[in-house]
Amino acid sequence: MKKWLFLVSFFVVSSCLYAQQLSYYLPESVSYNASIPKPKDIIYHEVGEWHVTHDRLVNYMKAIAAAAPERVKLETMGFTYEGRPQVLLIITSKKNHDNLENIRQQHLQLSDPAKSASASIADMPIVVWIGHSIHGNEPSGANASLLTAYYLAAAQGKQIDELLDKVVILVDPSFNPDGLQRFSTWANQHKSKNLVSDPNSREFNEVWPGGRFNHYWFDLNRDWLPAVHVESQNRLKWFHLWKPNILTDHHEQGSNATFFFQPGVPSRVNPLTPEKNQELTAKLGKFHAQYLDRIGSLYFTKENYDDFYYGKGSTYPDINGAIGILFEQASSRGHLQETANGLLSFPATIKNQFVTALSTLEGAKTLRKEFLEYQRDFYKQAASRAAAYPVKGYVFGDKNDLAKTFHFAEMLKRHQVEITALPDNWKDAEFDKTSAYMVSLNQPQHSLIRAIFDKNFEYKDSLFYDITSWTMPLAFGLPYKEITTAPFVTGEKVDALRMSKQAVAGGKTEYAYLIQWDELYAPAALYELLNAGILAKVATNHFEILVDGVVKKFNYGTILVPVKLQQDNSETVFAKLSALTEKYRLKTVAVPSGNVNSGSDLGSSKFVTITKPSIAMITGPGVNALDAGEVWHLLDQRMNMPATHLEPSIFNRVDLSKYNTLIMVGGNYNELNKEKLKSWVQGGGTLILTEEAVSWAAQNGIADVKFKRAKAAVDSTQKLTYVDREQVEGSQQVRGAIFGADVDLTHPLSYGYTQKTVSLFKGNKVFMEKSRNPYASPFHYGSKPLQSGWVSRENADVIKNSAAVIVNTVGSGRVINIADNPNFRAFWLGGSKLFMNAIFFGRIIDAASGRSAE
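Just so it is clear, the model here is predicted, and its values are computed rather than measured.

Chemist: What is the right way to look at the pairing of strand β26 (residues 686-690) in this model?
Modeler: Within a regular beta strand, the side chains point alternately toward one face of the sheet and then the other, so they alternate between its two faces. When you tally the buried positions in β26, you get five out of five residues, the bulk of the element. The alternating pattern of β26 places Thr 686, Ile 688 and Thr 690 and Leu 687 and Leu 689 on opposite faces, both of which are buried. As paired elements, strand β25 (residues 661-664) and β26 share four bridges and run parallel to each other. Counterpart to Ile 663 in the pairing with β26 is Ile 688. Considered for its hand, the β-α-β crossover made up of β25, helix α21 (residues 674-682) and β26 is right-handed. The sheet contact formed by β26 and strand β31 (residues 813-818) spans five bridges and is parallel.

Chemist: How do you make sense of the pairing of strand β11 (residues 342-345) when you look at a structure like this?
Modeler: Relative to β11, strand β10 (residues 336-339) runs antiparallel, the two being bridged by four bridges. Across the sheet, the residue bridging to Gln 337 is Leu 344, located in β11. Counting the residues in the hairpin turn of β10 and β11 gives two residues.

Chemist: When you look at the packing of aromatic side chains in this model, what are you seeing that I'm missing?
Modeler: Think of a pair of aromatic rings as described by two things: how far the centres are apart, and how the planes are tilted against each other in angle. Enumeration according to the criterion identifies 46 aromatic pairs in this entry. Aromatic ring contacts, followed pair by pair, group Tyr 394, Phe 396, Phe 408, Tyr 437, Phe 453, Phe 476 and Tyr 480 into a single cluster. The ring of Phe 378 carries the charged tip of Arg 385 above its face, separated from the ring centre by 4.8 Å. When the ring centre of Phe 651 is taken as reference, the NZ or CZ atom of Lys 676 above it lies at 5.7 Å.

Chemist: Any chance you could explain the packing of helix α3 (residues 54-67) against helix α8 (residues 177-189) here in plain terms?
Modeler: Helix-helix packing is described using two parameters, namely the angle between the two axes and the distance between the axes. Contact pair α3 / α8: the axes reach a minimum separation of 8 Å and the direction vectors enclose 120 degrees. Taken together, the axes of α3 and α8 lie oblique to each other. Seen from α3, the contacting residues are His 54, Asp 55 and Leu 57; seen from α8, they are Pro 177, Leu 180 and Gln 181. By residue class, the composition of the contact of α3 with α8 is three nonpolar, two polar and one charged.

Chemist: Even after reading the chapter, I still don't get the sheet that holds strand β9 (residues 323-330), so can you show me in this structure?
Modeler: In any sheet, the strands associate via hydrogen bonds between backbone groups, in a parallel or an antiparallel arrangement. Pairing is mixed in the open sheet, where seven strands are placed in the order β2-β3-β6-β4-β7-β9-β8. At either end of the open sheet lies a strand with only one pairing partner, and these are β2 (72-79) and β8 (259-261). Each strand of the sheet is rotated relative to its neighbour by a mean of 20 degrees, with strand direction disregarded. Where β2 meets strand β3 (residues 85-91), seven bridges bridge the pair, whose relative direction is antiparallel. Of the residues in β3, the one forming a bridge with Thr 76 is Val 87. The sheet contacts of helix α10 (residues 275-294) involve β7 (246-253), β8 and β9, and relative to β9 the element is tilted by about 35 degrees.

Chemist: Just checking my understanding: could you explain unusual backbone geometry for this structure?
Modeler: Leaving glycine out, the prevailing phi sign among residues is negative, and the prevailing peptide bond configuration is trans. Cis geometry marks the peptide bond from Trp 208 to Pro 209, where omega comes out at 0 degrees. On the secondary structure map, Pro 209 appears in the loop between α8 and α9 (230-242). Residue Pro 487 is bonded to the preceding Ala 486 through a cis peptide linkage, with omega at 0 degrees. Along the chain, Pro 487 falls in the loop between β14 (480-483) and β15 (512-515). Of note in the backbone geometry, Ser 133 takes a positive phi value of approximately 55 degrees without being a glycine. For Ser 133, the position within the fold is in the loop between β4 (126-132) and α6 (140-154).

Chemist: Before we go on, may I ask you to explain the sheet that holds strand β21 (residues 598-599) in this structure?
Modeler: The strand order β18-β17-β21 describes an open sheet built from three strands, whose pairing is antiparallel. Looking along the sheet, the strands with just one partner apiece sit at the ends: β18 (550-554) and β21. Of the pairings in the sheet, the one linking strand β17 (residues 543-547) to β18 comprises five bridges and is antiparallel in character. Following the sheet pairing, Val 547 is matched in β18 by Val 550.

Chemist: Honestly, α21 in this entry has me stumped. Any pointers?
Modeler: One turn of an α-helix holds 3.6 residues; hence residues three or four places apart share an orientation. Along α21, the positions that sit buried rather than exposed are Leu 677, Trp 680 and Val 681. Axial view of α21: buried residues confined to an arc of 100 degrees, hence all on one face. On its buried face, α21 is in contact with α20 (648-651), β25, β26, α22 (692-699), β30 (803-810) and β31. The first or second residue beyond α21 is Gly 684, which carries a positive phi of 120 degrees.

Chemist: Could you clarify how one ought to interpret the side chain of Glu 203 in this entry?
Modeler: Looking at the element boundaries, Glu 203 is found in the loop between α8 and α9. Nearest to the buried, unbridged Glu 203 among oppositely charged side chains is Lys 191, at 7.8 Å. A distance of 2.7 Å separates a polar atom in the side chain of Glu 203 from a polar atom in the side chain of His 335. Beyond its immediate chain neighbours, meaning those up to four positions away, Glu 203 contacts Trp 186, Ala 187, His 190, Lys 191, Val 196, Gly 334 and His 335.

Calculation notes
Per chain, residue numbering runs from 1 following the sequence as it is written. The predicted nature of this model means local features are confined to residues of pLDDT at least 70 and side-chain atom pairs, given and counted, to a pLDDT of 80 or more, with totals for whole chains, interfaces and linings taken over all residues. Calculated side-chain values reflect all of the structure's heavy atoms, with hydrogen atoms and water omitted. Exposure is judged per residue with a 1.4 Å probe applied to protein chains only, and the accessible area is read against the type maximum: over 50% gives exposed, under 20% gives buried, and values in between give partly exposed. Here a helix means four or more residues in a row that DSSP labels H or I, a strand means two or more in a row labelled E, and each is numbered from the N terminus. When DSSP finds two or more bridges between two strands, those strands count as paired. Handedness of a crossover is defined as follows: with both strands directed away from the viewer, a clockwise route from the first strand across the helix to the second makes it right-handed. Any two rings among Phe, Tyr and Trp, with Trp reduced to its six-membered ring, count as a pair given centres within 6.5 Å; such a pair is stacked if its planes are under 30 degrees apart, edge-to-face if over 60, and tilted if neither. Over a ring means this: the NZ of a Lys or the CZ of an Arg is within 6 Å of the ring centre and within 35 degrees of the ring normal. Axes here mean lines fitted to C-alpha atoms, for a helix over just the part in contact, with angles spanning 0 to 180 degrees between N-to-C directions. Orientation is classified from the angle alone, with under 35 degrees giving roughly parallel, over 145 giving roughly antiparallel, 65 to 115 giving roughly perpendicular, and any other angle giving oblique. Here a residue-residue contact requires only that any non-hydrogen atoms of the pair lie within 4.5 Å. Polar here means any residue outside two lists: the nonpolar Ala, Val, Leu, Ile, Met, Phe, Trp, Tyr, Cys and Pro, and the charged Asp, Glu, Lys and Arg; Gly therefore counts as polar. Of all possible arcs, the one meant is that of the directions from the helix axis to the C-beta atoms. We treat Lys and Arg as the positive residues and Asp and Glu as the negative residues; His and chain ends play no part in the count. By convention in these notes, a salt bridge is any Lys or Arg side-chain nitrogen within 4 Å of a carboxyl oxygen on Asp or Glu. Throughout this description, a polar contact denotes any pair of N or O atoms lying within 3.5 Å of each other; where both atoms belong to protein, one of them has to be capable of donating a hydrogen while the other can accept it, and for residues adjacent in sequence the pair is counted only when both atoms sit in side chains.

What follows is the structure, given as structure tokens:
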């Protein structure tokens with residue numbers, strides 16, 4: 001009998017060894033309200049026993065709000081691409097809840113210099129946002145939110161009462177619901193009853209693209225500033241509704257690490273971040289250290305991570321008068337994993353995240369007045385910062401592309417930036433009142449505006465965790481100008497953005513319609529036309545034609561829709577064009593004749609029939625999921641164009657004749673059938689390559705590109721120490737800078753561009769030599785291409801006079817080699833036209849212009 005009991009006991013202990021009870025996590029000597037449901041009551045397992053799925057996570061938050069209405073209020077911020085709710089718990093005392101809107105309004109006064117002096121902070125609660133798992137496969141944060149919500153709702157006693165009186169806590173259980181759901185499913189479906197800790201096991205090695213990303217394979221922790229995605233837009237609305245004093249961003253890092261909390265590397269702090277910010281970060285860090293010391297957890301604080309790019313969750317608050325805190329927990333990835341520090345269990349990772357949430361709240365309570373005063377001073381001092389800065393404001397706008405202008409202004413408004421119209425006496429002809437806006441730097445968001453517009457050339461460090469520059473008007477391809485004269489005179493404040501409605505100029509015609517290609521969404525309209533069976537041609541020459549008694553100039557890339565060549569009658573053609581003109585805000589003109597004043601007549605062979613693109617993109621193992629996601633998002637969300645996603649194994653066995661366009665982004669394609677790909681191109685296909693795909697195609701004889709190599713940063717005669725290696729090698733990485741490419745505006749890949757320089761983002765070491773064929777490098781870098789960012793001298797030298805784009809003719813097909821990423825993070829709208837031109841016009845590029853000149 002004793003032996004039997006021993007075996008049963010051993011089995012229970014071994015199978016539940018890492019499935020911890022709540023007591024493992026929660027502070028000792030605290031009583032809890034029995035009427036508040038424990039996580040297991042709702043999610044049906046102990047915290048850390050399984051990876052919580054997003055639906056169960058939300059169910060628990062709803063249950064907490066229902067059970068503790070005096071402490072907890074649940075808000076739905078919005079929904080993800082996959083329709084999952086983004087929920088936010090507002091947790092504070094009953095007294096504060098009864099006065100919540102007044103507290104919020106009073107708190108917002110701290111960020112308004114006109115009102116902040118009268119705002120009393122003596123009894124004002126501090127606002128803390130606790131955010132979790134923006135990378136879905138870094139799940140310990142989201143799982144820890146179960147504990148944080150339970151503790152704050154159920155704990156009893158003087159300590160919790162004091163905390164809730166002095167702090168309004170915003171608990172965001174999952175920054176990335178779609179990614180969390182994807183990863184939790186993976187981890188749970190591969191869990192064994194007897195936990196497997198071998199890192200080689202399938203549990204720890206997700207299939208592509210993994211759970212890190214959102215639906216479109218984006219890293220949402222780079223999207224706080226551009227705010228392209230719905231998850232970010234929903235979150236930012238609530239961020240600015242409350243303007244928290246502290247925001248925590250709970251992440252995971254490599255399994256062999258320990259635990260990180262900021263301040264991070266001091267030399268990599270963005271110079272726009274005030275020193276006081278770092279001082280308060282360090283003060284708060286003492287609380288984290290104290291709490292982690294209590295439970296014996298190892299940590300580090302001043303290595304690896306930095307506060308430079310403002311598009312991350314831990315840095316965006318720094319430019320908004322708050323303190324962002326990055327937490328990085330060594331990841332178990334599954335439920336139990338062997339690491340350099342021994343066995344790392346999922347519950348252990350959750351515990352550290354929970355403990356540092358508590359340390360943050362204790363620090364916030366203790367340092368409450370300092371944080372509130374800092375926020376008030378940050379915005380109060382905006383006027384003096386503006387007065388000291390030589391640039392007084394900006395004017396921006398593209399009269400040829402109203403959509404890009406609209407989206408840029410829309411982004412500014414999301415960040416509470418005040419924009420104005422141009423004044424009545426405006427005289428600069430480059431910008432006009434109907435298509436441009438102004439931004440004064442003398443406003444509360446002074447520092448954030450500079451974070452958006454500034455160009456950077458001076459850096460304290462040559463190592464970076466993320467990109468070194470992101471100057472937004474350059475990224476958008478938007479004309480803009482710095483205004484340095486004072487006073488800075490503006491027009492009326494713009495409260496609501498509106499895109500002007502468009503209609504077909506000239507109404508219905510029996511002859512032809514002309515669509516200008518400058519607008520961002522012209523490709524979307526063209527695809528809809530082609531998909532509807534409308535025949536369209538593209539102008540490969542510029543021309544002038546009489547329109548309503550006025551001679552009007554049309555550029556290369558103008559789309560021609562001849563009425564009599566259509567299967568539809570003229571009324572149907574007009575109806576379709578009218579609908580698309582209104583939908584995509586196009587500039588469409590009806591013309592009664594094909595006789596032009598100068599250039600090519602509309603019946604000329606210079607107008608080339610456009611083939612509807614049938615697109616496939618190679619995806620799957622080895623492919624850069626971020627790059628592929630950017631293409632997917634561009635085509636699907638912006639251009640309403642379908643694209644097949646082909647994994648290499650599928651590519652190798654399917655009939656490719658149904659596709660006329662193939663896209664390959666950065667990555668490794670060793671499993672791809674190279675001869676099949678080459679034969680497809682030779683048969684007339686258009687192959688679009690970006691970044692490392694260019695190198696791969698050249699190495700495998702598919703593309704005809706030669707590469708430049710940077711000189712070594714050190715030579716054998718130099719004496720360096722062992723510890724110098726990281727700095728020397730790290731400085732030679734191209735982390736991300738902006739370069740201006742000189743453009744041949746007559747080339748089909750340049751249609752729609754009106755400026756001779758296009759800003760491209762370079763984050764790789766693909767340096768193409770210019771082709772010996774003078775017509776094959778329509779985008780190239782000159783002798784001084786750097787527009788903003790950091791790049792080593794060695795890499796700068798090799799980028800000079802290199803090609804940004806090279807066109808190859810391969811049999812009857814074309815290969816478009818783009819060395820950089822024209823779609824970077826989906827806000828690089830300045831590169832979108834290049835990419836869409838490659839899709840629509842790659843096949844019309846003259847064969848001789850892409851042939852080797854050797």
